[in-house]
Protein chains: 2
Amino acid sequence: MSAEQFRAYGKQVVDWIADYLAGIESYPVRAPVHPGDIRARLPSSAPEHGEPWDRIQADVDRVIMPGVTHWQHPGFFAYFPANASGPAILGELLSAGLGAQGMLWETGPACTELESVVVDWLAELLGLPAWWRTDGPGGGVIQDSASSAALVALVAALWRAGRVDAGRTACTVYVSAQTHSSMAKAARIAGVTTSNLRTVDVDPDTLAMRPEHLEELVAADVAAGAVPTMVCATIGTTSTTAIDPVGALGEVCRRHGVWLHVDAAYAGVAAVCPELRWINDGAAEYADSYVTDPHKWLLTNFDCSVLWVADREPLVEALSILPEYLRNPATDSGEVIDYRDWQVPLGRRFRALKLWMVMRWYGAEGLRSHVRRCVELAGELARLAGSDDGFTVYEHHPFGLVCFRPIWPGTAEAAADEATAELLRRLNDSGAVYLSHTTVAGRTVLRFAVGSPATGSEHVRAAWQRVVAEYRAMRPGVSG
Amino acid sequence: MSAEQFRAYGKQVVDWIADYLAGIESYPVRAPVHPGDIRARLPSSAPEHGEPWDRIQADVDRVIMPGVTHWQHPGFFAYFPANASGPAILGELLSAGLGAQGMLWETGPACTELESVVVDWLAELLGLPAWWRTDGPGGGVIQDSASSAALVALVAALWRAGRVDAGRTACTVYVSAQTHSSMAKAARIAGVTTSNLRTVDVDPDTLAMRPEHLEELVAADVAAGAVPTMVCATIGTTSTTAIDPVGALGEVCRRHGVWLHVDAAYAGVAAVCPELRWINDGAAEYADSYVTDPHKWLLTNFDCSVLWVADREPLVEALSILPEYLRNPATDSGEVIDYRDWQVPLGRRFRALKLWMVMRWYGAEGLRSHVRRCVELAGELARLAGSDDGFTVYEHHPFGLVCFRPIWPGTAEAAADEATAELLRRLNDSGAVYLSHTTVAGRTVLRFAVGSPATGSEHVRAAWQRVVAEYRAMRPGVSG
């Protein structure tokens, strides 16, 4: 494709995206397709001859769009948001247009240094400590996801525990039942056995990890000759945005020399607002690694997960292998960061561009205002649900997520949970909204996560009206 | 940023990229900057207030571009190529514009099914076996890199060996000194100790792994009670594009029940050409996993690495952890692929779009013609170098890479290697070309990898003239 063809088709695609964003509400939020529907629309082999661009673009509408679930739709309240925004899309476009690959400083000096600068900027905006900055002993890096960040943090912890090149059967990792499954996945990949993945009790009300129980478990493991390697504390769990007591857990970690990883994947970015900075209490003092995802709630297209370490030596020592064909004068000088040594893959895209463009376009005040708006909308939903006696609302909703469940009087718990699941199916089948669910204290609970920049108060209210309408349709005896 | 602002700024960025691609030869290939130069141009904090787009875009030119190494430059001959192309850039743009996240089939039915279809298309184009197709017992998946593919393949191999949830100190992995460092990195991450990473001898001429030595090593390990877990065979090593005898190695693997991973990251895509399909001999019969990177040499922007497995069960069983908040009817039905279970991260971009657009725009014949053109240009370079008695050319260059070294008569080997390194520094400092190096049989050797769609015969000849000119400048006694 020549530069002039790219110029013409590129503008067509830009127009298509602008039209898509302007008209996104005309689509059902969740793709109304069945398994195999999209595959059935596609030929079984690649074309032998090249095709004109217009035919390809027409097939985006004809073949692809019916199978797209619209994460940027204002009615998307499922899981956690995966924010996109204009400046982030343009950052991705520019990155793709440059086609640079920043595995080493030498192969992408701007890719490397801009990344260091924007993660330093972000650390400052979130009130994270100065020594996590890349010009200090620690440093930040963009990963594809908090899952990958958890894995490399665990490998760094294993290095510090002397186990990166030794048997790991003695190593123990501490999570709670609320910790994201990516930590268990990281442990499995790294060879920490399931039987050595310790589940710390949580407070039944707050769902936060109990430091006393962590202390008990660690002490028992030490006494038994195990090697307590990592504790994963969460700021904003995936299920309910519960917040573990990082400081108290960190005390236990420090006492026993255990690596403290803080998973703030969703909620960490909320600390751009000074009034929410308390969520990071204890992290500065105790965290060895900390991850938050601008690609969830900070207007930056997936993938953009930022991992900081308080000391970069264990991470780099654990992951660095330097074959001859990657040696170069800049690396040999020791004066540069080669981000390949901070991650699983070797190659890397120029992801810093999109985060830089987001931070510049919105400014710190724009980012704060986005987070505040979502928190307010979540509060509005909680008030609506709380004032309807058909629903029980979980009172903890400091961020954009509200958990609630419908009440099914006279129905046994299992049947009530099934009715809640049926309500969820009806809501999601409607195409107007998309919610997800979780389990709290053994009960099925609906999750309503406000996070899209397109979502306004009118969408939250309309979504709530739909929840109520479907609920009442399922309980014909209840009046409207 | 509103849809209308995006429409306007998006077209500016498209124009910028079209101008960049049209004028790329005006830039020095490798960024002529020193460590810290780009950081020094950037403010130390994020802006408080949002900034206008034009200022951000102007800073791309002012701040970023001086630090960009131009991987798409026709004078880029270093490492391996990281092909970009118009349709791939537009695929990335569309993916970013949709902002969809396909961790589960349900959260991205088109994202999931298009991915299955395009990797099936690619398997067919490369002559890979039908049972690797996603509608068979195996299946393909897009990873970010061959490094991540090696890691998940190893975890699958550990699962099959009964060691995914057990101690791994008995597990052994077999590579050669020519195997990419990502395999050693994967082993380190997964807890296979360095002392259990066996180095199989290579033939001193072909640099290909010796199956007899593999047999010896495996048999000795079995006798000693070890658990031989994975052999990594390479089709097109990074250093010199050496080709391991996959069939003969596979025989050893089959005899001992060892997982055979085939790393064809760079060269595998060359099998789009029937005349190069021999490179995959043995893979269909013996490989348990096979990876090749369209993002290297098949016109598809990084990241797009395709991993196939002959049987998907070990991979999915090893990596699947299903918390309540990710459960959904489609997953429960067992009728769909959830690609989160095929990779380290949970989230995923809609990367299939770019590969689909590349395959449709170029067609199979366009992909073949791209590969053939690069092979021909590499042949041209080899002829030029081979006809100059100042250079020794390595005769093995079936793909786009040619290795050669200058001859420094009357110079001891160490000094000659240093002179070769100095020649490389001078070439790369010139800004006209960018080459990299490796070591073969203990000697420093230059690598000249032809792969950019922008590179033509005139660029190869000009690059060679520059090599000769710098060489002669360093050997003033030699006439031109």
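Residues numbered from 1 in each chain as written. Chains lettered and ligands numbered in written order. Predicted model: local features only at pLDDT ≥ 70, side-chain atom pairs only at ≥ 80, totals over all residues. Heavy atoms only, no water.

The line we're drawing: UniProt positions are given in the numbering used here, feature names are shortened, and annotations may be inferred rather than shown by experiment.
An unreviewed UniProt entry annotates chain A as Aminotransferase class I/II-fold pyridoxal phosphate-dependent enzyme originating from Haloechinothrix aidingensis. Quoted verbatim from the Sequence similarities (unreviewed entry) field of UniProt, the annotation for chain A is "Belongs to the group II decarboxylase family." As recorded by UniProt, the Cofactor (unreviewed entry) comment attached to chain A reads in full: "pyridoxal 5'-phosphate".

Here we look at the nonpolar core
Test applied: In plain words, nonpolar cores are sets of buried Ala, Val, Leu, Ile, Met, Phe, Trp, Tyr and Cys residues tied together by side-chain atoms within 4.5 Å. Any residue under 20% of the maximum accessible area for its type is buried, any over 50% is exposed, and the rest in between are partly exposed; the area is computed with a 1.4 Å probe on protein chains only.
One finds Trp-308, Phe-350 and Trp-356 of chain A together with Trp-308, Phe-350 and Trp-356 of chain B to be the most contacted residues of the largest nonpolar core, which totals 212 residues. Counting 75 residues, the second-largest nonpolar core is a separate cluster that includes Cys-171, Ile-189, Trp-259 and Ala-265 of chain A.

Some points on the relation of the copies chain A and chain B
One copy of the chain maps onto the second through a rotation around an axis plus a translation along that axis. Here is the rule we go by: Least-squares superposition of the copies uses the C-alpha atoms of those residues scoring a pLDDT of at least 70 in each of them. Contact criterion: two residues are considered in contact whenever any of their non-hydrogen atoms come within 4.5 Å of each other.
Overlaying chain A with chain B gives an RMSD of 0.0 Å, the required rotation being 180° about an axis along which the chain moves by 0.0 Å. Classification of the inter-copy transformation places it as that of a two-fold axis. Across chain A, the rotation axis passes nearest the C-alpha of Ala-190 of chain A, at a separation of 2.1 Å. A share of 99% of the interface residues of chain A reappears at the interface of chain B, consistent with the copies meeting face to face through the same patch.

Some words on the sheet that holds strand S1 (residues 139–143) of chain B
Pairing between the strands of a sheet is mediated by backbone hydrogen bonds and can be parallel or antiparallel. All names here are of chain B. Going by this rule: For two strands to be treated as a pair, DSSP must find at least two bridges joining them. Where helices and strands are cited, they refer to DSSP runs of H or I of at least four residues and of E of at least two residues respectively, numbered from the N terminus. An axis is simply a line fitted to the C-alpha atoms; with a helix, the fit covers only the stretch in contact. Between two such axes, the angle follows the N-to-C directions and lies from 0 to 180 degrees.
If you trace the seven strands from one edge of the open sheet to the other, you get S1-S7-S6-S5-S4-S2-S3, paired in mixed fashion. Only two strands of the sheet have a single partner each, and these edge strands are S1 and strand S3 (197–200). Taking each pair of neighbouring strands and ignoring which way they run, the sheet shows an average axis angle of 20°. Where strand S2 (residues 171–176) meets S3, four bridges bridge the pair, whose relative direction is parallel. Bridging across to S3, Ser-176 finds its partner in Val-200. Along the sheet, helix H8 (residues 211–223) contacts S2, S3 and strand S4 (227–234); its crossing angle with S3, the most-contacted strand, is approximately 150°.

Here's the deal with the environment of Arg-210 of chain B
Residue and element names in this part refer to chain B. Position of Arg-210 relative to the elements: it lies in the loop between S3 and H8. Along the primary structure Arg-210 and Leu-151 are separated by 59 residues, whereas in three dimensions their C-alpha atoms are 24 Å apart. In contact with Arg-210, not counting residues within four places along its chain, are Val-200, Asp-201, Val-202 and Asp-203.

With respect to the pairing of strand S11 (residues 443–449) of chain B
Residue and element names in this part refer to chain B. With seven of its seven residues buried, S11 lies for the most part within the structure. Side-chain alternation along S11 places Arg-443, Val-445, Arg-447 and Ala-449 on one buried face and Thr-444, Leu-446 and Phe-448 on a second face that is also buried. When strand S9 (residues 401–406) meets S11, the two strands line up antiparallel, connected through four bridges. When the sheet's bridge partners are listed, Phe-404 is paired in S11 with Leu-446. The pairing of strand S10 (residues 436–440) with S11 spans five bridges and is antiparallel. If you follow Val-440 over to S11, its bridge partner there is Arg-443. A loop of two residues connects S10 with S11, the two strands running antiparallel in sequence, and Ala-441 in this loop sits at a positive phi of about 50°.

A few points about the sheet that holds S10 of chain B
All names here are of chain B. Spatially, the four strands line up as an open sheet ordered S8-S9-S11-S10, and their pairing is antiparallel. Of all the strands in the sheet, just strand S8 (391–393) and S10 have a single pairing partner and so form its edges. The mean inter-strand angle of the sheet, taken between neighbouring strand axes irrespective of direction, is 40°. Helix H14 (residues 352–386) contacts S8, S9 and S11 of the sheet and is inclined by roughly 15° relative to S9. Strands S9, S10 and S11 of the sheet are contacted by helix H15 (residues 413–429), whose axis makes an angle of about 25° with S11.

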